[in-house]
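Take a look at the letters that make up each chain.
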Amino acid sequence: MKIYPQQVICKHCDSLYTRQSARSGEAARCQRCHAVLYRGSWLSLEQWLALTVTAAVFFIIANLFPVLEIQFHGQSQATTLAETTMALAHSYASPLAIPLALLIIVCPCLQILLLGWVLWHACRNKTAPAFAPVMRLLAGLAPWSMAEVALLSILIAAIKLSGLVHITTGPGTWALLGLCLILPVINHQDFHSLWRLKTLKEKRG
């Protein structure tokens, strides 16, 4: 497959441009529709990988530790994200269990793993195996990763139940908050440097 890393196409009007260098904080816009074409990356590959590893740690904590603990008449019940999804699967809203699991567990997990895979090789000045399919999959997963939906649902449930029972947020909630803050950062960096590295490796090969 021929790759043209110096060319960029506007997603809105399909105008073709030659990529110019952009400093951190700068944005290149389409001359026809004024949409943002790309932004200057403010993270190095090593920093990008470090944040991705941090996101992985937050993701593990968010899925292994309770997000909420409910106390009622001396009894307490704690639940994790996975247990919440399983409980939904056994309720009247069971058709929503699979989409929920995909949006808040599967998609973020794949994003973190695939991005970490590509960045780990890039930091070693190598191209990750199956680079192009992985990058296309990352682009397809971006709109479907909705960890913030899970966090918002947890907060709404905690507020509604706080008048009836005693609610305590667990480590999973705070880890989910950290994940919601980091995921947009690592997913909205400029991927041009990764494609350019692949092109340079192919030319040398």
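Please read all numbers here as calculations on a predicted model, not as lab measurements. (Residues numbered from 1 in each chain as written. Predicted model: local features only at pLDDT ≥ 70, side-chain atom pairs only at ≥ 80, totals over all residues. Heavy atoms only, no water.)

**Q** Lay out the confidence of the model for the protein chain with the relevant residues and their values.
**A** Taken as a whole, the protein chain shows an average pLDDT of 79; of its residues, 85% reach a score of 70 or greater. The element-level mean pLDDT for the protein chain is lowest in helix H7 (residues 192-204), coming to 63, with helix H1 (residues 45-64) highest at 93. (pLDDT = per-residue confidence, 0-100. Helix = DSSP H or I, 4+ residues; strand = E, 2+ residues; numbered from the N terminus.)

**Q** For helix H3 (residues 97-123), give the residues involved together with the corresponding values.
**A** Taking 1.5 Å as the rise per residue, H3 with 27 residues should run 39 Å; its terminal C-alpha atoms sit 38 Å apart, in good agreement. Within two residues after H3, Asn125 carries a phi angle of roughly 60°, on the positive side. (Expected span 1.5 Å × (residues − 1).)

**Q** Please set out the packing of helix H2 (residues 81-89) against H3 residue by residue, giving values where relevant.
**A** It is at 9 Å that the axes of H2 and H3 come closest, and there the two elements cross at 165°. Here H2 lies roughly antiparallel to H3, going by the angle between them. Like other packed secondary-structure pairs, H2 and H3 cross with a definite hand, here right-handed. Along the contact surface, H2 presents Leu81, Ala82, Thr85, Leu88 and Ala89, while H3 presents Ala97, Leu100, Ala101, Ile104 and Ile105. Its residues assigned to classes, the contact of H2 with H3 comprises 9 nonpolar, 1 polar and no charged. (Axes fitted to C-alpha atoms, helices over the stretch in contact; angles between N-to-C directions. Parallel < 35°, antiparallel > 145°, perpendicular 65-115°, else oblique. Left-handed = near helix turned anticlockwise from the far one by under 90°. Contact = heavy atoms within 4.5 Å. Nonpolar A, V, L, I, M, F, W, Y, C, P; charged D, E, K, R; others polar.)

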